[in-house]
Amino acid sequence: MRIIGTLMVRDEVDIVAAMVEHHLAQGLDKLIVTDNRSFDGTTEVLEAYAETGLIELHHDPEHRKQQRDVVTRMARRARTHYRADWVLNLDADEFLIPVDKRLTVRQALEATPLHLNAFTVPVFNLIGPAGWAGSGIGRLCWRDLRTDAQLRAIGIHAQPTPNAVHRGESDIVVQQGNHVTSMPSNGQPPPEVSMEVLHLPWRSWTQFERKVVNAGRGYEASPDLKPSRNHHGMADYRRYKEGTLEQSYIARSPLPDDLRVGEANGWYVRDPWLHEHMEELMGSALRPDLLRAVLDTEHLVDPPPELADTPLRRHLDLDRRARIVDTDSATA
């Protein structure tokens, strides 16, 4: 069985090495990747992985919102060039896994009937304390299970839309966002081989601001696309232009007391699996230096000194003081 992943990426150096290592370790035969003129070091990381032969790297220098066309082209190539049986269209902040962690993605797909054609997998946001920079893999260890009504109260429209997995097909069309394809579905996989996506959309303030600006300007350069006002990227871009994006990021970053209350009420479920899994992968990583660089950035939690009196800095200070109290209580 041939399993090919696709990835279109721009400025995701804080996490892309972890995404690549994870999916290749899960049994994908290859990743077809299009780098959309990254400026932050992502290109160099991808070039290093391309040297392994397990990534086919393309470059698209145009900064607009052309994900639909680019991903469709890669998904078709997965079939026509690599004879893919299954195609996984992924983002840099997504980690596809079987619900049964004893399985790999390959084992789950090998037990999934091909006649299903296409199926969906739920996406779960991993959240946690705020950070100035870093991947957040060791910090964002709670599944967000809040209702849509609770999310709307802090300015988020809804939980993520499920992603689509599809069979290889030479004329497939993948819609913007990778949630819908042109291939009709004949059902879902058996529960014992079902899969899900762990998603880290708000890893740090620097990453979040960069992502919002890139997405908003991409849509501005693509006037033919008409996203809903509820589209998360456009809503956040409006906040950026209004000067309220920092407060929105803080609202998405619970303090220790918020996490305790949320766990007690079932809104948050602690799940450190991704962090533990990535640490275990260090022993077999293709590029352990690149993976370690991603996992070792958790100390970069403070904004620079010139931003000492900002809402985010005050929020980070509150979080730090709460954690000191928790540590002192635990050792008393």
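S.K.: Quick rundown of the sheet that holds strand β11 (residues 268–270)? Include the residues and the values.
M.R.: With mixed pairing, 5 strands are arranged side by side in an open sheet as β5-β10-β7-β8-β11. Every other strand in the sheet has two partners, leaving β5 (94–98) and β11 as the edge strands with one partner each. The average undirected angle you get between the axes of adjacent strands in this sheet is 35°. The pairing of strand β7 (residues 123–127) with strand β8 (residues 142–144) spans 2 bridges and is antiparallel. Following the sheet pairing, Leu126 is matched in β8 by Arg143. Helix α10 (residues 273–281) rests against β5, β7 and β10 (195–199) of the sheet, and its axis sits at about 90° to β5.

S.K.: How would you sum up the sheet that holds strand β3 (residues 55–59)? Please name residues and give values.
M.R.: The strand order across the open sheet formed by 6 strands is β3-β2-β1-β4-β9-β6, and the pairing between neighbours is mixed. Strands at the two margins of the open sheet, each flanked by one partner only, are β3 and β6 (118–121). Each strand of the sheet is rotated relative to its neighbour by a mean of 20°, with strand direction disregarded. Looking at chain direction, strand β4 (residues 86–90) and strand β9 (residues 163–167) are connected through 3 bridges and run antiparallel. Looking across to β9, one finds that Val87 is bridged to His166. Against the sheet, helix α1 (residues 16–25) contacts β1 (3–9), β2 (30–35), β3 and β4, and its axis sits at roughly 170° relative to β1. The sheet strands contacting helix α3 (residues 67–80) are β1, β2, β3, β4 and β9, and the helix crosses β1 at an angle near 160°.

Rules of the game
- Residues numbered from 1 in each chain as written.
- Predicted model: local features only at pLDDT ≥ 70, side-chain atom pairs only at ≥ 80, totals over all residues.
- Heavy atoms only, no water.
- Pairing = 2+ DSSP bridges.
- Helix = DSSP H or I, 4+ residues; strand = E, 2+ residues; numbered from the N terminus.
- Axes fitted to C-alpha atoms, helices over the stretch in contact; angles between N-to-C directions.
- Contact = heavy atoms within 4.5 Å.

Note that every value here comes from positions in space, so none of it alone points to a role or purpose.
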